[in-house]
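Listed below, chain by chain, are the residues.
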Amino acid sequence: MTGDMVRLSPTVVVDKSRTGSATYLGPCTRSNVAVGTEQDAGVRSGVNALPPRPPPSRGRRIGALATGLAVLVSVALGAWLVARDAHSRSLDRSLGAYAVAPPEAGAPIDSALADLGARVFEAGCAACHGITSGAGVGPSLAGVTARRSPEWLMAMVLRPDSMTTSDPVARSLKAQYGVQMMVPGGTTPQRARAVLEFLRRVDGGG
Ligand code: HEC
C-alpha cells in the first residue's frame, strides 16, 4: 500500500494504486494514514497530528467539579460579604441622624429608630438572644427594659467585656451563662441606642 493513498475528506482515505480507481479504504485512522504517501503525511499532520484526548479520568472530573464548586462558593461568599457590608454602612448612615443619649423614663417610642434597632438586633444579637422565647446562648431579652436601666443596657451592649468584669449583675449573668457576650462586627453608640429603642418597643408590646 504505497503510492496513491489519497484523502478525500477528513474521514475518508482511498488507495488509487491498487485498482487504478479510487477504492474506499474506510475512515481515515492513524494506521491507514501511517502507511500512506508524502501526501498522506500532510493528512497525518493535518488530521491526525494530535493523538485523541483520553477521556478525563474520574479523579480529574471530580477535581474539576470541586474547583468549580470552590469558585462558586467564594463568589457567593464575596457577594454576601459585600452586601452585608453595604447593608451595615447604610444602617450606620441612617443612624447618624439620631442622638445617642439614653431615653428618659416614659419617653414615647421613636418607631423609626426602633425599626433600625430591629435591624441591629437581627444582625448582631438574634444569634444569642430571643425576645420572646426562653434563653439561648444568652438570656432572653423579653422584659429586659423593665429589669435594667437604659444606661445599664447601653453600657452592656457597648462594652460587654468590661461590664462582665466590673458590674456585679453582668458578672453574675456571665457566671450563669458561662459565655462572654460579644457583638459580632462590634457596635457603636448609635447602634446601642437603636437596639435599646427596639427592646423598649418589644417590652411595650409595640
Ligand atoms: C455571642 C452571643 C451573644 C451575642 C451576639 C449578644 N449577646 Fe447579649 N448576652 C450574651 C450572654 C452570654 C449574656 C450574659 C452575660 C455574659 O455571659 O456575658 C448576655 C447578656 C446580655 C444582656 C443582659 C441581659 C439581662 O438579663 O440583663 C443584654 C441586655 C444583652 N446581652 C443584649 C445584647 C444585645 C442588644 C446584643 C446585640 C447588639 C447582644 N446582646 C449580643 C450573649 C450574646
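The paragraphs below set out a description of the structure included in this document. These numbers come from a predicted model, not from an experiment. Residue positions are counted from 1 within each chain, in the order its sequence is given. The model is predicted, so local features are restricted to residues of pLDDT at least 70 and side-chain atom pairs to those at 80 or more, both for listing and for counting; the totals for chains, interfaces and linings are taken over all residues.

## Topic: the overall build of the protein chain
Counting its regular elements, the protein chain contains 10 helices and 3 strands. Helix numbers and strand numbers start at the N terminus; a helix is a DSSP run of H or I with at least 4 residues, a strand a run of E with at least 2. Its helices and strands in sequence order give the protein chain the pattern β-β-α-β-α-α-α-α-α-α-α-α-α, from N to C terminus. As a rule, residues whose C-beta atom has 12 or fewer other C-beta atoms within 10 Å are exposed, those with 20 or more are buried, and those in between are partly exposed; C-beta atoms are placed from the backbone. Relative to its 206 residues, the protein chain shows a buried fraction of 21%. Considering only contacts within the protein chain whose residues lie at least 6 apart along the sequence, 53% involve residues at least 24 apart. We call two residues in contact if the C-beta atoms placed from their backbones are at most 7 Å apart.

## A few points about the site of the ligand
To decide whether a residue is near a molecule or strand, its C-beta atom is placed from the backbone and checked for lying within 6 Å of it. In the vicinity of the ligand there are 29 residues, among which Cys125, Cys128, Gly138, Lys174 and Met181 approach most closely. Secondary-structure elements contributing two or more residues to the shell around the ligand are helix 5 (111-124), helix 7 (150-158), helix 8 (160-166) and helix 9 (168-177). Residue contributions to the shell around the ligand peak at 4 residues, all from helix 9. Amino acid classes used here: Ala, Val, Leu, Ile, Met, Phe, Trp, Tyr, Cys and Pro are nonpolar; Asp, Glu, Lys and Arg are charged; the rest, including Gly, are polar. When the residues that make up the shell around the ligand are grouped by side-chain class, the tally is 21 nonpolar, 6 polar and 2 charged.

## Comments concerning the nonpolar core
In this usage, the nonpolar core is the set of buried Ala, Val, Leu, Ile, Met, Phe, Trp, Tyr and Cys residues whose C-beta atoms join them within 7 Å. Grouped together as the largest cluster of nonpolar side chains are 21 residues, with contacts concentrated most on Val157, Ala194, Val195, Leu196, Phe198 and Leu199. Elements supplying a minimum of two residues to this core: helix 5, helix 7 and helix 10 (189-203). The leading source of residues in this core is helix 10, at 7 residues. Residues contacting leucine 199, with those up to four places away along its chain left out, are Leu141, Val144 and Thr145.

## A look at the packing of helix 7 against helix 10
With their axes 9 Å apart at the nearest point, helix 7 and helix 10 run at an angle of 130 degrees to one another. Considering their axes alone, helix 7 and helix 10 lie oblique with respect to each other. Seen from above, helix 7 lies across helix 10 with right-handed handedness. Contacts between helix 7 and helix 10 involve Pro150, Leu153, Met154, Val157 and Leu158 from the first element and Pro189, Ala192, Arg193, Val195 and Leu196 from the second. For the contact of helix 7 with helix 10, the per-class residue count stands at 9 nonpolar, no polar and 1 charged. Fitted lines through C-alpha atoms serve as axes, helices being fitted only where they are in contact, and the angles separating the N-to-C directions of these axes extend from 0 to 180 degrees. Our angle categories are set so that under 35 degrees counts as roughly parallel, over 145 as roughly antiparallel, 65 to 115 as roughly perpendicular, and the remainder as oblique. If you view the pair so one helix is near and one far, a crossing is left-handed when the near helix is turned anticlockwise from the far one by less than a right angle, and right-handed when it is turned clockwise.

These figures come from the coordinates and say nothing about function on their own.
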